[in-house]
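Read off the chains here:
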Amino acid sequence: MVNLRPAVPLGWRQLSHRPLRMAVAVAGIAFAVLLIMMQLGFRAALFESTLRFHERFRYDIALFSPDSVFIVRPAPFSIRRLYQALGVAEVASVTPVYIFPAIWKNPWTTERRSINAVGVDPEIDVLDTPGFTAGHTVLRRQDVVLFDAAARPEFGPVGAEFREKGPFVTEVNDREVEVAGLVEIGPSFGIDGTVITSVDNWLRLFPDRPRNEIQLGLLSLKEGADPEAVRDALRAYLPGDVLVMTKQDFVARERAYWNGATPIGYIFAFGAIMGFVVGAIVVYQILFADVSEHINEYGTLRALGYGNGFVSGIVMQQAAILAIFGYVPGAVAAHFLYGAAAAATRLPLHLTVDRSLTVLLLTVLMCLLSGFLALRKVRKLDPAEVF
């Protein structure tokens, strides 16, 4: 039998024989890769940005109202639940946190915009984020705030102004406040920016809200205590008007809300699926057209004694080559678009190694699946019918 196994794979020879068709296929796959990467990137940014406070507050157990949908607009609950938690021996300390949207006045344009206002105990280093450890004690003073320097630009060039000239005055909820420091938190799909202040200052911004109603309670446990065991003990000890969650529980609850209760997580996941489908259709059409065009050549190979495995391997070679050639430009384009979108939205968009490998595997699977479907005509091929 004649050896028809050239140094250059037949799959590559067939693809390169029609460069325009190959370019169309590569462009289609690159577009599918780009679409999948962007959708997965926005979905990851959704979760990473909305979980900033859940992950950066220093605590072991969180108390939260069961009426709260998510952390941006939490429902209040009695501060008594926080101090009742001290009745469990493993609880070392408790910290109340006040959260609600306020109105920020841009001192340069006088435009007003909603901003997240957080009130904390200025004596406690409760937030693990750049700038807070060094600046939280300044909140002891009246009418001062720490501004989120990573907030969206609509609030004004606050970070640049503070770094150049130091503290300056603006208004929050029509009350004059001094921006006395910067932190870095960043926006999310529900928060454009944040100001952090003391509990007393927060209550001055919201004079109609009582001190004995809080939006979040943070519990720190004694060294060696098991958070899950303490959580279960607190659930049995406290009334049912408050949720008791470990940090992992709190993160999972917020993630579940954005992933399931809102359409945003579904839309991003659906977009990624549609990218996969679009890419698969493009590759299938290209490979099916190629198989149809070379059906006589495939019949000749079968007549020479080559089996289905060898003939099918040519088509699968083409599928694998298209996957690699299409993935590279799609990934490069996604990298640049990530940077542009992150600069425009201030969301945490970055191309991670895990996501890159995941999309590469999806691309290879997409192309191989299309190649497998395009093989139906080859597998049923009878050389006698061709000739």
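Further up the page is the structure itself.
Residue numbering note: each chain is counted from 1, following its sequence as written. Note on the predicted model: pLDDT of at least 70 is required for a residue's local features to be given, and 80 or more for side-chain atom pairs to be given and counted; whole-chain, interface and lining totals, by contrast, use all residues. Each side-chain value is derived from all of the structure's non-hydrogen atoms; neither hydrogens nor water enter the calculation.

Chemist: I tried to follow empty space enclosed by the protein on my own but got confused; where do I start?
Modeler: Any empty space left between the atoms is revealed when a probe the size of a water molecule rolls over them. Buriedness of a pocket was judged along seven lines, with at least five required to meet protein on both sides within 12 Å; pockets are open sets of points on a 1 Å grid over the protein atoms alone, cavities are sets where a 1.4 Å probe fits but cannot get out, and lining residues have an atom within 4 Å of a point. Grid points are joined across faces, edges and corners, and a volume is the space filled by probe spheres set on the points. With the rule as written, the count across this model stands at 2 cavities of 30 Å³ or more. In this structure, the largest cavity spans a volume of roughly 70 Å³. What lines the largest cavity is simply S49, T50, R52, F53, I71, V72, G186, P187, S188, I191, E254 and W258. Elements represented by at least two residues in the lining of the largest cavity include exactly helix 2 (19–50), helix 3 (52–56) and helix 9 (247–261). Following the grouping adopted for this structure description, the nonpolar residues are Ala, Val, Leu, Ile, Met, Phe, Trp, Tyr, Cys and Pro, the charged ones are Asp, Glu, Lys and Arg, and the polar ones are all others, Gly among them. Classifying every residue of the lining of the largest cavity gives 6 nonpolar, 4 polar and 2 charged. Its volume calculated, the second largest cavity comes out at about 40 Å³. Together, Q14, L15, R18, R21, M22, I286, D290 and Q318 line the second largest cavity. Under the scheme used here, helices are H or I runs from DSSP no shorter than 4 residues and strands are E runs no shorter than 2 residues, and both carry numbers assigned from the N terminus. For the lining of the second largest cavity, the secondary-structure elements that each account for two or more residues are helix 1 (10–17), helix 2 and helix 10 (263–293). For the lining of the second largest cavity, the per-class residue count stands at 3 nonpolar, 2 polar and 3 charged.

Chemist: Explain the packing of aromatic side chains to me, please; I cannot follow it from the model alone.
Modeler: The geometry of an aromatic ring pair comes down to the distance between the two centres and the angle between the two planes. For Phe, Tyr and Trp, rings pair up if their centres lie within 6.5 Å, where Trp contributes its six-membered ring, and each pair is then called stacked (planes under 30 degrees apart), edge-to-face (over 60) or tilted (otherwise). Using the criterion set out here, one finds 17 aromatic pairs in the structure. Judged by centre distance (6.0 Å) and plane angle (90 degrees), the rings of F100 and F206 are edge-to-face. Here F100 is found in strand 3 (residues 91–105), whereas its partner F206 is found in the loop between helix 7 (199–205) and strand 9 (213–214), with 106 residues between them in sequence. Type-normalised accessible area, obtained with a 1.4 Å probe on protein chains alone, sets the label of each residue: buried when under 20%, exposed when over 50%, and partly exposed for intermediate values. F206 gets classed as buried once you look at its relative accessible area, which sits at 6%. On the numbers, 6.0 Å between centres and 20 degrees between planes, the contact of Y266 with F270 is stacked. Placement of the pair is Y266 and F270 together in helix 10, with a separation of 4 residues, close to one helical turn.

Chemist: Just to check I follow, could you spell out the packing of helix 2 against helix 9 for this structure?
Modeler: Between two packed helices, the angle of one axis relative to the other and the distance separating the axes together describe the packing. Note on geometry: axes are lines fitted to C-alpha atoms, helical ones only across the stretch in contact, with angles between N-to-C directions running from 0 to 180 degrees. In the contact formed by helix 2 and helix 9, the axes pass within 10 Å of each other and the chain directions differ by 145 degrees. The handedness of the crossing between helix 2 and helix 9 is right-handed. Residues R43, L46, F47 and T50 of helix 2 pack against E254, R255, W258 and N259 of helix 9. Tallied by class, the residues present in the contact of helix 2 with helix 9 amount to 3 nonpolar, 2 polar and 3 charged. Handedness of a crossing follows from how the near helix is turned relative to the far one, being left-handed for an anticlockwise turn of less than a right angle and right-handed for a clockwise one. Residue contacts are defined here by distance: any two heavy atoms, one from each residue, within 4.5 Å place the two residues in contact.

Chemist: Just to check I follow, could you spell out the nonpolar core for this structure?
Modeler: Proteins that are soluble and globular tend to have nonpolar side chains buried together. Working definition of a nonpolar core: buried Ala, Val, Leu, Ile, Met, Phe, Trp, Tyr and Cys residues. They are joined through side-chain atoms within 4.5 Å. Residues L63, V91, W104, F147, V179, L219 and L234 are the most contacted members of the largest nonpolar core, which totals 40 residues. For this core, the leading source of residues is strand 3, giving 6 residues. Not counting chain neighbours up to four residues away, the residues in contact with W104 comprise E111, R112, R113, I115, F147, F155, V158, T170, E171, V172, V179 and V195. Among the nonpolar cores identified, the runner-up in size contains 39 residues, and A25, A32, M37 and L287 belong to it.

Chemist: Explain the pattern of salt bridges here, please?
Modeler: Between side chains of opposite charge, pairing is possible as soon as their charged atoms come close. Salt bridges, as used here, are contacts in which a Lys or Arg side-chain nitrogen is within 4 Å of a carboxyl oxygen on Asp or Glu. Scanning all chains against the criterion turns up 16 salt bridges. The residue R152 makes a salt bridge to E154 at a minimum N-O spacing of 2.9 Å. Given a relative accessible area of 19%, R152 falls into the buried group. A salt bridge links E161 to K165; the nearest nitrogen and oxygen atoms lie 3.8 Å apart. Highlighted residues: E161 and K165, both in helix 6 (residues 158–165), separated by 4 residues, approximately one helical turn. Looking at E161, the relative accessible area reads 17%, which means it is buried. Via salt bridges that share partners, K105, R112, E171 and D174 belong to a single interconnected network.

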